[in-house]
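Structural overview for review
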Amino acid sequence: MTDKKHTYRVTVRWTGNEGCGTASYRSYSRNHEIHAPGKAAISASSDPAFRGDATRWNPEDMLVASLAACHKLWYLGLCAAAGVTVVAYEDDASGVMVEVQGGAGQFESVILRPKVIISADSDPDLAKTLHHKAHEMCFIARSVNFSVEHQPDISRESD
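To start, this report covers the structure provided alongside it. Computed from a predicted structure; not experimentally measured.

Digging into the packing of helix H1 (residues 59-82) against helix H2 (residues 124-137)
Viewed as axis vectors pointing N to C, H1 and H2 meet at an angle of 130°, and their least axial separation amounts to 8 Å. Here H1 lies oblique to H2, going by the angle between them. Seen along the crossing, H1 lies across H2 with a hand that is right-handed. Facing His71, Trp74, Tyr75, Leu78, Cys79 and Ala82 of H1, the residues of H2 in contact are Leu126, Ala127, Leu130, His131, Lys133, Ala134, His135 and Met137. Among the residues forming the contact of H1 with H2, the class breakdown is 10 nonpolar, three polar and one charged.

This is the structure we're talking about:
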């Protein structure tokens with residue numbers, strides 16, 4: 001089988017011109033919209049630490065969310081194939097970004113903390129092991145250059 005390539009296209013439209021463009025660092029909003037064909041727009045901004053709107057998604061939020069969602073999608077698929085019935089899944093993920101002198105920065109780590117409830121007849125050891133496989137398979141985790149850990153909490157429906 002040959003490798004498949006998938007292309008993803010989005011449009012990012014700055015909506016933060018408050019009348020004088022980028023005449024100064026404080027003269028404009030960091031607000032923008034993210035569009036993709038056939039999908040609802042995402043209202044976004046920068047992190048509030050960088051003069052952004054705290055009520056909007058920022059790129060850092062979306063990176064952590066992408067890692068958590070990718071892991072979840074792989075995990076649920078692997079569980080379905082392995083006979084583990086997941087009845088609930090919630091991840092309280094967090095990431096740490098280090099800002100260096102001069103303003104640049106990078107993520108140093110993300111921790112995924114999925115709380116998974118499986119059916120009473122599912123194997124909790126297998127359910128936990130499948131998190132390792134999901135991590136190995138996640139496209140996003142395989143693409144980043146920082147640590148992505150997972151700390152799953154598995155419980156059965158009857159627990």
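Some words on the layout of surface pockets
In this structure, the largest pocket occupies an estimated 580 Å³ of space. In terms of lining, the largest pocket is formed by 20 residues, of which the most central are Tyr8, Val10, Lys39, Ser66 and Ile140. Contributing elements (two or more residues each) for the lining of the largest pocket: strand S2 (32-35), H1 and helix H3 (139-143). Element by element, the count of residues in the lining of the largest pocket is highest for H1, at seven residues.

Some remarks on a nonpolar patch on the surface
Taken together, Val96, Val98 and Val100 make up a surface patch of nonpolar side chains, about 180 Å² in accessible area. Here Val98 is to be found in strand S5 (residues 94-99).

Considering the sheet that holds strand S9 (residues 153-156)
The three strands lie next to each other as S4-S7-S9, forming an open sheet whose pairing is mixed. Of all strands in the sheet, those bounded by a partner on one side alone are strand S4 (86-91) and S9. In this sheet, neighbouring strand axes are inclined to one another by 15° on average, regardless of whether the strands run parallel or antiparallel. Those strands touched by H1 are S4, strand S7 (114-118) and S9, and its axis lies near 165° from that of S4. Contacts from H2 reach S4, S7 and S9, with the element oriented near 150° to S9.

Thoughts on the pairing of S5
Within a regular strand, the side chains alternate between the two sheet faces. Two elements, S5 and strand S6 (residues 105-112), share six bridges in a ladder whose sense is antiparallel. Bridging across to S6, Val98 finds its partner in Gln106.

What to know about the pairing of strand S8 (residues 147-150)
Of the two faces of S8, the one holding Val148 and His150 is buried and the one holding Ser147 and Glu149 is not buried anywhere. Examined bridge by bridge, S6 and S8 share four bridges and lie parallel to one another. Paired with Val110 across the two strands is Val148, which belongs to S8.

Reading the values: rules and limits
Within every chain, residues take consecutive numbers counted from 1 along the sequence as written. Thresholds applied to this predicted model are a pLDDT of at least 70 for local features of residues and 80 or more for the giving and counting of side-chain atom pairs; totals over whole chains, interfaces and linings are not thresholded and use all residues. Side-chain measures here rest on the full set of heavy atoms in the structure, leaving out hydrogens and waters. Only the stretch in contact is used when a helix axis is fitted, and all axes are lines through C-alpha atoms; the angle between N-to-C directions ranges over 0 to 180 degrees. Strands are runs of DSSP state E lasting at least 2 residues, helices are runs of H or I lasting at least 4, and numbering of each runs from the N terminus. Orientation categories follow fixed angle ranges, with anything under 35 degrees roughly parallel, anything over 145 roughly antiparallel, 65 to 115 roughly perpendicular, and all other angles oblique. By convention, the crossing between two helices is left-handed when the near helix turns anticlockwise from the far helix through less than a right angle, and right-handed when the turn is clockwise. In this analysis, two residues are considered to be in contact whenever any of their non-hydrogen atoms come within 4.5 Å of each other. Note that Gly is not counted as nonpolar here; it falls among the polar residues with everything else outside the nonpolar set of Ala, Val, Leu, Ile, Met, Phe, Trp, Tyr, Cys and Pro and the charged set of Asp, Glu, Lys and Arg. A cavity, in this analysis, means grid points on a 1 Å lattice covering only the protein atoms where a 1.4 Å probe fits yet has no way out; a pocket is instead an open set bounded by protein on both sides within 12 Å along at least five of seven lines, and a residue lines either one if it has an atom within 4 Å of a point. Grid points are joined across faces, edges and corners, and a volume is the space filled by probe spheres set on the points. Patch membership requires over 30% relative accessible area and the absence of a salt bridge. Like charges are linked within 9 Å, and nonpolar side chains (Val, Leu, Ile, Met, Phe, Trp, Tyr) within 5 Å. Values of accessible area rely on a 1.4 Å probe in the Shrake-Rupley scheme; residue burial ignores everything except the protein chains shown. What makes a salt bridge here is a side-chain nitrogen of Lys or Arg within 4 Å of a carboxyl oxygen of Asp or Glu, nothing more. Strand pairing is assigned whenever DSSP detects at least two bridges linking the two strands. Exposed residues in this analysis have more than 50% of their type's maximum accessible area, buried residues have under 20%, and partly exposed residues fall in between, with area computed by a 1.4 Å probe over protein chains only.

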